[in-house]
Amino acid sequence: MYRFSTLSALAAAALLGATGAQKVQRAGVNIAGFDFGMTIDGNFTQSQMQPPLKSQGGPDGIGQMQHFAKDDGLNIFRLPVAWQNLVNYDLGGSLDTNNVGIYDQLVQGCLGTGALCIIDIHNYARWYQGIVGQSGVTTQDLSSLWSQLASKYRSKSNIVFGLMNEPHDLDINEWATTVQACVTAIRQAGATSQIILLPGLDFTAVGGFASVSGPALVGVHNLDGSKTNLVFDVHQYLDSDNSGTHTECTHNGVNSLQELSVWLQSNSRMALLSETGGGNTASCETDVCAELDWMNYHNGVYLGWVAWAAGSFESGVFSGDRYELDLVPEYANGKWTDKPLMSTCVVGKFH
Ligand SMILES: *[C@@H]1O[C@H](CO)[C@@H](O)[C@H](O)[C@H]1NC(C)=O
(Lines give C-alpha, C1' and ligand atoms only; values in the text may rest on other atoms or scores of the structure.)
Protein backbone atom coordinates (compact mmCIF):
# COMPACT_ATOMS: atom_id res chain seq x y z
CA MET A 1 0.00 0.00 0.00
CA TYR A 2 3.03 2.28 0.20
CA ARG A 3 3.05 4.83 -2.57
CA PHE A 4 6.18 6.70 -1.55
CA SER A 5 9.20 6.82 -3.80
CA THR A 6 12.29 5.24 -2.25
CA LEU A 7 13.76 8.64 -1.56
CA SER A 8 10.75 10.15 0.18
CA ALA A 9 10.19 6.96 2.18
CA LEU A 10 13.77 7.06 3.39
CA ALA A 11 13.43 10.74 4.22
CA ALA A 12 10.21 10.11 6.14
CA ALA A 13 11.78 7.17 7.96
CA ALA A 14 14.77 9.28 8.94
CA LEU A 15 12.51 12.06 10.21
CA LEU A 16 10.55 9.62 12.34
CA GLY A 17 13.64 7.88 13.64
CA ALA A 18 12.72 4.54 12.11
CA THR A 19 15.13 1.69 11.57
CA GLY A 20 15.30 -1.02 8.93
CA ALA A 21 12.59 -1.87 6.42
CA GLN A 22 9.33 0.01 6.07
CA LYS A 23 6.99 -2.42 7.69
CA VAL A 24 6.64 -4.53 10.78
CA GLN A 25 7.49 -8.24 10.67
CA ARG A 26 4.12 -9.51 11.88
CA ALA A 27 0.48 -8.61 11.39
CA GLY A 28 -2.64 -10.56 12.23
CA VAL A 29 -5.82 -10.82 14.23
CA ASN A 30 -7.21 -12.37 17.40
CA ILE A 31 -9.36 -15.47 16.94
CA ALA A 32 -11.62 -15.10 19.97
CA GLY A 33 -14.20 -17.47 21.45
CA PHE A 34 -12.49 -19.80 23.95
CA ASP A 35 -12.38 -16.71 26.21
CA PHE A 36 -16.10 -15.88 25.99
CA GLY A 37 -17.56 -16.09 29.51
CA MET A 38 -14.46 -14.51 31.11
CA THR A 39 -14.84 -11.26 33.10
CA ILE A 40 -12.13 -8.76 34.06
CA ASP A 41 -12.10 -10.13 37.63
CA GLY A 42 -11.34 -13.61 36.36
CA ASN A 43 -14.82 -15.11 36.72
CA PHE A 44 -15.49 -17.70 34.05
CA THR A 45 -18.81 -19.16 32.91
CA GLN A 46 -18.03 -22.13 30.69
CA SER A 47 -21.52 -22.23 29.17
CA GLN A 48 -20.79 -18.87 27.48
CA MET A 49 -17.59 -20.13 25.86
CA GLN A 50 -17.93 -20.31 22.07
CA PRO A 51 -15.02 -22.22 20.51
CA PRO A 52 -14.34 -20.92 16.99
CA LEU A 53 -14.32 -24.49 15.69
CA LYS A 54 -16.68 -26.18 13.27
CA SER A 55 -16.06 -29.45 15.15
CA GLN A 56 -17.73 -27.84 18.19
CA GLY A 57 -20.66 -26.41 16.24
CA GLY A 58 -19.04 -22.96 16.23
CA PRO A 59 -17.71 -20.58 13.58
CA ASP A 60 -14.90 -21.80 11.33
CA GLY A 61 -11.95 -20.13 13.05
CA ILE A 62 -9.51 -22.40 11.23
CA GLY A 63 -11.02 -21.44 7.85
CA GLN A 64 -10.78 -17.79 8.89
CA MET A 65 -7.07 -18.14 9.67
CA GLN A 66 -6.43 -20.01 6.41
CA HIS A 67 -8.12 -17.16 4.55
CA PHE A 68 -6.24 -14.46 6.48
CA ALA A 69 -2.92 -16.20 5.84
CA LYS A 70 -3.42 -17.21 2.19
CA ASP A 71 -5.51 -14.35 0.79
CA ASP A 72 -4.34 -11.50 3.05
CA GLY A 73 -0.74 -12.49 3.87
CA LEU A 74 -1.26 -12.22 7.65
CA ASN A 75 1.31 -14.12 9.70
CA ILE A 76 0.37 -13.98 13.40
CA PHE A 77 -2.80 -15.07 15.22
CA ARG A 78 -3.69 -14.83 18.91
CA LEU A 79 -5.85 -17.55 20.40
CA PRO A 80 -7.44 -16.39 23.69
CA VAL A 81 -8.50 -19.11 26.12
CA ALA A 82 -9.75 -19.30 29.71
CA TRP A 83 -7.32 -20.74 32.25
CA GLN A 84 -10.21 -22.52 34.03
CA ASN A 85 -11.04 -24.39 30.83
CA LEU A 86 -7.53 -25.74 30.26
CA VAL A 87 -7.31 -27.33 33.74
CA ASN A 88 -11.08 -27.96 34.01
CA TYR A 89 -11.42 -25.75 37.12
CA ASP A 90 -8.60 -27.50 39.03
CA LEU A 91 -6.41 -24.56 40.12
CA GLY A 92 -2.78 -25.66 40.08
CA GLY A 93 -3.78 -29.02 38.61
CA SER A 94 -2.97 -30.93 35.43
CA LEU A 95 -4.04 -29.93 31.95
CA ASP A 96 -7.43 -31.47 31.14
CA THR A 97 -6.83 -33.84 28.23
CA ASN A 98 -10.25 -33.38 26.68
CA ASN A 99 -10.46 -29.58 26.99
CA VAL A 100 -6.87 -29.00 25.89
CA GLY A 101 -7.43 -31.40 23.00
CA ILE A 102 -10.29 -29.22 21.74
CA TYR A 103 -8.29 -25.98 22.11
CA ASP A 104 -5.36 -27.73 20.39
CA GLN A 105 -7.51 -28.12 17.26
CA LEU A 106 -7.42 -24.32 16.94
CA VAL A 107 -3.70 -24.21 17.75
CA GLN A 108 -2.91 -26.85 15.11
CA GLY A 109 -5.13 -25.05 12.58
CA CYS A 110 -3.12 -21.92 13.24
CA LEU A 111 0.25 -23.68 13.01
CA GLY A 112 -0.91 -25.21 9.73
CA THR A 113 -1.02 -21.74 8.17
CA GLY A 114 2.67 -21.17 8.91
CA ALA A 115 1.87 -18.14 11.11
CA LEU A 116 3.05 -17.43 14.64
CA CYS A 117 0.37 -18.65 17.07
CA ILE A 118 -0.04 -16.95 20.45
CA ILE A 119 -1.45 -19.00 23.32
CA ASP A 120 -3.20 -16.24 25.31
CA ILE A 121 -4.34 -17.03 28.86
CA HIS A 122 -7.18 -14.52 28.93
CA ASN A 123 -7.57 -14.16 32.71
CA TYR A 124 -6.61 -10.57 33.66
CA ALA A 125 -4.05 -12.01 36.15
CA ARG A 126 -6.93 -13.57 38.07
CA TRP A 127 -8.66 -16.84 38.89
CA TYR A 128 -12.07 -15.68 40.03
CA GLN A 129 -11.25 -12.69 42.26
CA GLY A 130 -7.84 -14.02 43.35
CA ILE A 131 -4.83 -12.16 41.93
CA VAL A 132 -1.99 -14.42 40.84
CA GLY A 133 0.85 -14.24 43.36
CA GLN A 134 -0.95 -11.61 45.44
CA SER A 135 -4.24 -12.88 46.89
CA GLY A 136 -5.57 -16.42 47.01
CA VAL A 137 -3.84 -17.68 43.86
CA THR A 138 -0.16 -18.56 43.95
CA THR A 139 2.50 -17.85 41.36
CA GLN A 140 3.09 -21.62 41.34
CA ASP A 141 -0.53 -22.14 40.19
CA LEU A 142 0.21 -20.15 37.03
CA SER A 143 3.79 -21.29 36.47
CA SER A 144 2.57 -24.90 36.68
CA LEU A 145 0.10 -24.19 33.86
CA TRP A 146 2.88 -22.67 31.76
CA SER A 147 5.29 -25.49 32.50
CA GLN A 148 2.76 -28.00 31.18
CA LEU A 149 1.85 -25.93 28.11
CA ALA A 150 5.53 -25.34 27.31
CA SER A 151 6.22 -29.04 27.63
CA LYS A 152 3.37 -29.77 25.21
CA TYR A 153 4.46 -27.22 22.59
CA ARG A 154 8.24 -27.04 23.09
CA SER A 155 9.02 -28.51 19.65
CA LYS A 156 6.82 -25.95 17.84
CA SER A 157 8.95 -22.92 17.01
CA ASN A 158 5.92 -20.87 15.85
CA ILE A 159 4.18 -21.04 19.22
CA VAL A 160 4.28 -17.79 21.23
CA PHE A 161 3.58 -17.93 24.95
CA GLY A 162 1.25 -15.05 25.92
CA LEU A 163 1.65 -15.23 29.69
CA MET A 164 -1.50 -13.34 30.65
CA ASN A 165 -4.10 -11.07 29.10
CA GLU A 166 -4.42 -7.57 30.58
CA PRO A 167 -3.30 -7.60 34.22
CA HIS A 168 -4.82 -4.74 36.23
CA ASP A 169 -5.19 -3.41 39.77
CA LEU A 170 -2.23 -5.26 41.23
CA ASP A 171 1.27 -4.66 42.60
CA ILE A 172 3.54 -4.41 39.55
CA ASN A 173 6.71 -5.46 41.38
CA GLU A 174 5.09 -8.61 42.76
CA TRP A 175 3.66 -9.21 39.29
CA ALA A 176 7.18 -9.02 37.83
CA THR A 177 8.19 -11.83 40.21
CA THR A 178 5.28 -13.92 38.88
CA VAL A 179 6.24 -13.16 35.27
CA GLN A 180 9.85 -14.22 35.96
CA ALA A 181 8.65 -17.50 37.50
CA CYS A 182 6.55 -18.25 34.40
CA VAL A 183 9.43 -17.46 32.03
CA THR A 184 11.71 -19.74 34.05
CA ALA A 185 9.08 -22.53 34.05
CA ILE A 186 8.64 -22.30 30.26
CA ARG A 187 12.37 -22.35 29.54
CA GLN A 188 12.99 -25.18 32.04
CA ALA A 189 10.25 -27.23 30.34
CA GLY A 190 12.36 -27.19 27.18
CA ALA A 191 10.74 -24.35 25.24
CA THR A 192 14.10 -22.66 25.07
CA SER A 193 13.75 -20.17 22.24
CA GLN A 194 10.12 -19.34 21.44
CA ILE A 195 8.86 -15.80 21.98
CA ILE A 196 7.32 -15.12 25.40
CA LEU A 197 5.06 -12.05 25.78
CA LEU A 198 5.41 -10.03 29.00
CA PRO A 199 2.32 -8.00 30.01
CA GLY A 200 2.17 -5.08 32.45
CA LEU A 201 -0.52 -3.41 34.52
CA ASP A 202 -3.43 -1.08 33.55
CA PHE A 203 -4.65 -3.75 31.11
CA THR A 204 -1.12 -3.63 29.67
CA ALA A 205 -1.89 -0.27 28.03
CA VAL A 206 0.73 1.27 25.77
CA GLY A 207 0.20 4.62 27.53
CA GLY A 208 2.29 4.66 30.71
CA PHE A 209 4.01 1.32 30.04
CA ALA A 210 7.38 3.05 29.74
CA SER A 211 7.17 4.64 33.19
CA VAL A 212 5.75 1.83 35.38
CA SER A 213 5.41 -1.65 33.85
CA GLY A 214 8.49 -1.45 31.66
CA PRO A 215 10.96 -0.62 34.45
CA ALA A 216 9.41 -3.35 36.66
CA LEU A 217 9.62 -6.00 33.93
CA VAL A 218 12.87 -5.02 32.22
CA GLY A 219 14.94 -7.36 34.38
CA VAL A 220 12.91 -10.49 33.54
CA HIS A 221 15.34 -12.87 31.87
CA ASN A 222 15.95 -16.30 30.37
CA LEU A 223 17.79 -19.09 32.22
CA ASP A 224 21.15 -17.79 30.96
CA GLY A 225 20.39 -14.20 31.94
CA SER A 226 19.70 -13.05 28.35
CA LYS A 227 16.49 -11.28 27.30
CA THR A 228 16.33 -12.93 23.86
CA ASN A 229 12.74 -13.37 22.60
CA LEU A 230 11.23 -11.81 25.72
CA VAL A 231 8.90 -9.29 24.07
CA PHE A 232 6.70 -6.77 25.88
CA ASP A 233 2.98 -7.29 25.30
CA VAL A 234 0.94 -4.09 24.89
CA HIS A 235 -2.65 -3.15 24.04
CA GLN A 236 -4.19 0.08 22.77
CA TYR A 237 -7.70 1.18 21.79
CA LEU A 238 -8.55 4.44 20.11
CA ASP A 239 -12.06 5.25 21.34
CA SER A 240 -12.99 8.08 23.74
CA ASP A 241 -12.20 6.13 26.94
CA ASN A 242 -9.54 3.78 25.44
CA SER A 243 -11.73 0.77 26.26
CA GLY A 244 -12.34 -0.71 22.82
CA THR A 245 -16.09 -0.73 23.32
CA HIS A 246 -17.15 2.02 20.90
CA THR A 247 -17.44 1.97 17.13
CA GLU A 248 -16.04 5.49 16.74
CA CYS A 249 -12.35 6.39 17.24
CA THR A 250 -11.22 9.72 18.70
CA HIS A 251 -7.39 9.54 18.52
CA ASN A 252 -4.67 7.54 16.78
CA GLY A 253 -2.55 6.52 19.78
CA VAL A 254 0.69 7.67 18.16
CA ASN A 255 1.78 9.81 21.13
CA SER A 256 1.71 6.79 23.45
CA LEU A 257 3.46 4.58 20.91
CA GLN A 258 6.11 7.25 20.52
CA GLU A 259 6.72 7.47 24.27
CA LEU A 260 7.07 3.69 24.56
CA SER A 261 9.29 3.46 21.48
CA VAL A 262 11.86 5.79 23.05
CA TRP A 263 12.00 3.56 26.13
CA LEU A 264 12.19 0.37 24.05
CA GLN A 265 14.97 1.81 21.94
CA SER A 266 17.02 2.86 24.94
CA ASN A 267 16.65 -0.62 26.44
CA SER A 268 17.20 -2.44 23.12
CA ARG A 269 13.89 -4.26 23.46
CA MET A 270 10.78 -4.90 21.35
CA ALA A 271 7.02 -4.90 21.93
CA LEU A 272 4.05 -6.51 20.20
CA LEU A 273 0.71 -4.68 20.01
CA SER A 274 -1.39 -7.81 20.59
CA GLU A 275 -4.72 -5.97 20.78
CA THR A 276 -5.85 -2.88 18.94
CA GLY A 277 -8.78 -2.03 16.74
CA GLY A 278 -11.99 -0.10 16.32
CA GLY A 279 -15.32 -0.12 14.58
CA ASN A 280 -15.82 -0.44 10.85
CA THR A 281 -16.28 3.33 10.63
CA ALA A 282 -14.60 6.21 8.84
CA SER A 283 -13.13 7.58 12.10
CA CYS A 284 -11.54 4.24 12.98
CA GLU A 285 -10.26 3.68 9.46
CA THR A 286 -8.46 7.02 9.76
CA ASP A 287 -7.08 6.46 13.26
CA VAL A 288 -6.25 2.74 13.14
CA CYS A 289 -4.54 3.19 9.76
CA ALA A 290 -2.50 6.10 11.19
CA GLU A 291 -1.54 4.01 14.22
CA LEU A 292 -0.39 1.04 12.11
CA ASP A 293 1.40 3.28 9.60
CA TRP A 294 3.38 4.75 12.47
CA MET A 295 4.31 1.29 13.72
CA ASN A 296 5.61 0.38 10.27
CA TYR A 297 8.07 3.26 10.53
CA HIS A 298 9.19 2.07 13.97
CA ASN A 299 9.58 -1.60 13.16
CA GLY A 300 12.91 -1.65 14.96
CA VAL A 301 11.02 -1.64 18.28
CA TYR A 302 7.55 -2.88 17.30
CA LEU A 303 7.34 -6.49 16.14
CA GLY A 304 3.84 -5.94 14.76
CA TRP A 305 0.13 -5.81 15.50
CA VAL A 306 -2.69 -8.24 16.22
CA ALA A 307 -6.15 -6.72 15.76
CA TRP A 308 -9.19 -7.43 17.93
CA ALA A 309 -11.06 -9.51 16.75
CA ALA A 310 -12.33 -12.30 14.51
CA GLY A 311 -13.29 -15.84 15.63
CA SER A 312 -16.70 -16.20 17.25
CA PHE A 313 -17.88 -12.58 17.37
CA GLU A 314 -20.99 -13.25 15.29
CA SER A 315 -22.27 -16.17 17.37
CA GLY A 316 -22.91 -17.42 20.91
CA VAL A 317 -23.34 -14.56 23.38
CA PHE A 318 -22.49 -12.12 20.56
CA SER A 319 -25.07 -13.29 18.03
CA GLY A 320 -27.86 -10.92 17.13
CA ASP A 321 -26.46 -7.47 17.79
CA ARG A 322 -23.24 -6.96 15.94
CA TYR A 323 -20.17 -6.66 18.20
CA GLU A 324 -18.62 -3.16 18.03
CA LEU A 325 -15.14 -4.35 17.01
CA ASP A 326 -16.26 -7.20 14.75
CA LEU A 327 -13.56 -8.30 12.28
CA VAL A 328 -15.10 -11.68 11.42
CA PRO A 329 -14.86 -12.30 7.65
CA GLU A 330 -18.03 -13.43 5.83
CA TYR A 331 -17.98 -16.66 3.82
CA ALA A 332 -20.29 -17.00 0.83
CA ASN A 333 -20.14 -18.79 -2.52
CA GLY A 334 -16.65 -20.14 -1.84
CA LYS A 335 -15.22 -16.73 -1.08
CA TRP A 336 -14.26 -14.86 2.10
CA THR A 337 -14.96 -11.12 2.39
CA ASP A 338 -13.17 -9.02 5.02
CA LYS A 339 -14.66 -6.26 7.14
CA PRO A 340 -13.72 -2.73 5.93
CA LEU A 341 -11.32 -2.00 8.82
CA MET A 342 -9.61 -5.32 8.20
CA SER A 343 -8.99 -4.80 4.50
CA THR A 344 -8.16 -1.09 4.72
CA CYS A 345 -5.89 -1.03 7.79
CA VAL A 346 -5.07 -4.40 9.40
CA VAL A 347 -4.25 -5.99 6.04
CA GLY A 348 -3.82 -2.84 3.95
CA LYS A 349 -1.02 -1.43 6.08
CA PHE A 350 0.90 -4.73 5.96
CA HIS A 351 1.33 -4.60 2.19
C1 LIG B 1 -17.51 -12.32 39.87
O2 LIG B 1 -18.04 -13.16 40.86
C3 LIG B 1 -18.21 -12.52 42.13
C4 LIG B 1 -18.66 -13.59 43.13
O5 LIG B 1 -19.76 -14.28 42.66
C6 LIG B 1 -19.20 -11.38 42.01
O7 LIG B 1 -19.32 -10.71 43.24
C8 LIG B 1 -18.70 -10.41 40.93
O9 LIG B 1 -19.66 -9.40 40.73
C10 LIG B 1 -18.43 -11.14 39.62
N11 LIG B 1 -17.86 -10.21 38.67
C12 LIG B 1 -18.38 -9.94 37.49
C13 LIG B 1 -17.67 -8.93 36.64
O14 LIG B 1 -19.39 -10.46 37.07
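Below, the structure is looked at part by part. What you are looking at is a predicted structure, and each value in this text was computed from that prediction instead of being measured.

Cut-off values and rules
Residues numbered from 1 in each chain as written. Predicted model: local features only at pLDDT ≥ 70, side-chain atom pairs only at ≥ 80, totals over all residues. Heavy atoms only, no water. Core = buried A, V, L, I, M, F, W, Y, C linked by side-chain atoms within 4.5 Å. Buried < 20%, exposed > 50% of the residue type's maximum accessible area, 1.4 Å probe, protein only. Contact = heavy atoms within 4.5 Å. Salt bridge = Lys/Arg side-chain N within 4 Å of Asp/Glu carboxyl O. Helix = DSSP H or I, 4+ residues; strand = E, 2+ residues; numbered from the N terminus. Pairing = 2+ DSSP bridges. Axes fitted to C-alpha atoms, helices over the stretch in contact; angles between N-to-C directions. Disulfide = S-S within 2.5 Å.

### Brief notes about the nonpolar core
Turning to step 1, where the next piece is worked out: Counting residues in each nonpolar core, the largest one holds 97 residues, and the members touching the most others are Phe77, Leu79, Trp83, Ile121, Trp146 and Trp175.
Turning to step 2, where the next piece is worked out: Here Phe77 is in contact with Val29, Ile31, Met65, Phe68, Ala69, Cys110, Thr113, Ala115, Leu116, Cys117 and Ile118, once residues within four sequence places are set aside.
Turning to step 3, where the next piece is worked out: Ranked by size, the runner-up nonpolar core spans 10 residues in total, among them Ile76, Leu116, Ile195 and Leu197.

### Describing the pattern of salt bridges
Turning to step 1, where the next piece is worked out: According to the stated counting rule, one finds 9 salt bridges in the structure shown.
Turning to step 2, where the next piece is worked out: Arg78 is paired through a salt bridge with Glu275; the nearest N and O atoms lie 2.9 Å apart. Here the residue Arg78 occupies a position in strand β2 (residues 76-81), and Glu275 occupies one in strand β10 (residues 271-275), the gap between them amounting to 197 residues.
Turning to step 3, where the next piece is worked out: The shortest N-O distance in the salt bridge between Asp293 and Lys349 comes to 3.2 Å.

### A closer look at unusual backbone geometry
Turning to step 1, where the next piece is worked out: Omega for the peptide link from Trp308 to Ala309 comes to -5°, which places this bond in the cis form.
Turning to step 2, where the next piece is worked out: The topology assignment puts Ala309 in strand β11 (residues 302-311).
Turning to step 3, where the next piece is worked out: Not every positive phi belongs to a glycine, and Asn229 is a case in point at roughly 60°.
Turning to step 4, where the next piece is worked out: Take Asn229: it is sitting in the loop between α8 (213-217) and β9 (230-235).
Turning to step 5, where the next piece is worked out: If you check the backbone angles, Ser268 has positive phi at about 50° while not being a glycine.
Turning to step 6, where the next piece is worked out: The residue Ser268 is located in the loop between α9 (254-266) and β10 in this model.

### Digging into the sheet that holds strand β1 (residues 26-32)
Turning to step 1, where the next piece is worked out: With parallel pairing, the 8 strands of this closed barrel are ordered in space as β1-β2-β3-β7-β8-β9-β10-β11. The sheet shows a mean angle of 25° between the axes of neighbouring strands, taken without regard to direction.
Turning to step 2, where the next piece is worked out: Both strand β8 (residues 196-199) and β9 contribute to a ladder of 4 bridges, which runs parallel. Bridging across to β9, Leu197 finds its partner in Val231.
Turning to step 3, where the next piece is worked out: Across the sheet, helix α6 (residues 172-188) touches β7 (159-162), β8 and β9, and the angle it forms with β8 is around 170°.
Turning to step 4, where the next piece is worked out: Set on the sheet, helix α10 (residues 282-296) makes contact with β10 and β11; between it and β11 the angle comes to about 150°.

### Brief notes about the state of the cysteines
Turning to step 1, where the next piece is worked out: Under the counting rule described, the total for this entry stands at 3 disulfides.
Turning to step 2, where the next piece is worked out: Disulfide pairing is shown between Cys110 and Cys117; the S-S distance is 2.1 Å. Because the sign of the S-S torsion sets the handedness, a value of about -100° for the bond joining Cys110 and Cys117 places this disulfide among the left-handed ones.
Turning to step 3, where the next piece is worked out: For Cys117, a relative accessible area of 1% gives the class buried.
Turning to step 4, where the next piece is worked out: Disulfide partner of Cys249: Cys284, at an S-S distance of 2.1 Å. The sign of the S-S torsion, about 95°, decides the handedness of the disulfide formed by Cys249 and Cys284: right-handed. Placement of Cys249 in the loop between β9 and α9 and of Cys284 in helix α10 is noted, with a sequence separation of 35 residues between them. Each member of the pair, Cys249 together with Cys284, is buried.
Turning to step 5, where the next piece is worked out: Should the bonded cysteines of the chain be numbered as they appear in the sequence, the pairing reads 1-2, 3-4, 5-6.

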